[in-house]
Amino acid sequence: MTSRSTTIHRLQDRLRHLYEGRANDAHRFRYGLLVFDLVTLLFIVSTSFIPRNVAIATLDVLFGLVILADFSARLFISRTPRREFLYPATWADVTAIVSFLAPLAGEGLGFLRILRTLRFFRTYQLLIRLRADFGYFREHEDVIIAVANFVVFLLVMTGIVYETQHAINPQIVNYADALYFTVTALTTTGFGD
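The rules behind the values
Residues numbered from 1 in each chain as written. Predicted model: local features only at pLDDT ≥ 70, side-chain atom pairs only at ≥ 80, totals over all residues. Heavy atoms only, no water. Helix = DSSP H or I, 4+ residues; strand = E, 2+ residues; numbered from the N terminus. Contact = heavy atoms within 4.5 Å. Areas by Shrake-Rupley, 256 points an atom, 1.4 Å probe, with all protein chains shown as cover. Core = buried A, V, L, I, M, F, W, Y, C linked by side-chain atoms within 4.5 Å. Buried < 20%, exposed > 50% of the residue type's maximum accessible area, 1.4 Å probe, protein only. Expected span 1.5 Å × (residues − 1). Patch = residues over 30% accessible without salt bridge, like charges linked within 9 Å, V, L, I, M, F, W, Y side chains within 5 Å. Salt bridge = Lys/Arg side-chain N within 4 Å of Asp/Glu carboxyl O.

### Side note on the overall build of the chain
Right, so step 1: A tally of regular secondary structure across the chain gives eight helices and zero strands.
Right, so step 2: Sequence-ordered secondary structure for the chain, helices as α and strands as β, is α-α-α-α-α-α-α-α.
Right, so step 3: Of the contacts formed within the chain by residues at least 6 apart in sequence, a portion of 59% connects residues at least 24 apart.
Right, so step 4: Within the structure as shown, the chain displays about 11500 Å² of accessible surface, and the carbon and sulfur contribution to it stands at 67%.

Spelled out as structure tokens, the structure:
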């Protein structure tokens, strides 16, 4: 084996350990990914209240590069990388990466960043750890997962409403407005008009 292939195998082994391992450092790494996903979600929602500027575009690109690195690492350690593209979560990640890097070519795909929330569905190793670390999670797992799935659905729909309406509907200027319209439409309570 050449030194290059040895280095590649070591890197694959290390990344597999972090993404799939059972040691404490692997658990911390995956908790870190979960925190990153939550920070990404907060960034997406909070920047909808701020006019687009160079700082936000720069942060978009930085988030996109980190997500690209995570995605690339997961493909690199996959035993069947081509098969990964059969999963909707993989395409959600690809779409999120493109949309975060979109400021390089101009805005337009920004609402697709919300698809990053679909990543929560891919954290199955983390679910095992949450069961082991938190009794409350273990006891209420079905409810917590159902609520998480609903929140992800709600955020994706809010992103779609925001992107399709904010330019033409003066009542939707940020994610909070889009969330109001999404919840009102989903619950069929009506808009009061």
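So much for the structure itself; the text now carries on.
### What to know about the nonpolar core
Right, so step 1: Core analysis: the largest hydrophobic core is formed by 17 residues, its most contacted members being Phe43, Phe63, Ile67, Ile97, Phe100, Tyr162 and Ile172.
Right, so step 2: Within the residue set of this core, elements represented by two or more residues are α2 (24–47), α3 (54–77), α4 (88–101) and α8 (175–187).
Right, so step 3: Ranked by residue count, the leading element in this core is α3, at six residues.

### Things to note about α8
In an α-helix, one turn spans 3.6 residues; hence positions three or four apart end up facing the same way.
Right, so step 1: Taking 1.5 Å per residue as the helical rise, α8 with its 13 residues ought to reach 18 Å, and the 18 Å between its terminal C-alpha atoms agrees with that figure.
Right, so step 2: Taken together, the buried positions of α8 are Tyr175, Ala178, Phe181, Thr182 and Thr184.
Right, so step 3: Contacts from the buried residues of α8 go to α2 and α7 (141–165).
Right, so step 4: Positive backbone phi, approximately 55 degrees, marks Thr188, located one or two places after α8.

### A closer look at the environment of Ile160
Right, so step 1: If you trace the backbone, Ile160 turns up in helix α7.
Right, so step 2: Of the residues examined, Ile160 reaches a relative accessible area of 33% and is grouped as partly exposed.
Right, so step 3: In this structure, the C-alpha to C-alpha distance between Ile160 and Ala178, residues 18 residues apart in sequence, is 8.6 Å.

### Description of a nonpolar patch on the surface
Right, so step 1: A surface patch of nonpolar side chains, about 530 Å² in accessible area, is lined by Val143, Val147, Phe150, Val151, Phe153 and Leu186.
Right, so step 2: The element best represented in the nonpolar patch is α7, accounting for five residues.
Right, so step 3: Here Phe153 shows up in helix α7.
Right, so step 4: The class for Phe153 is partly exposed, based on a relative accessible area of 40%.

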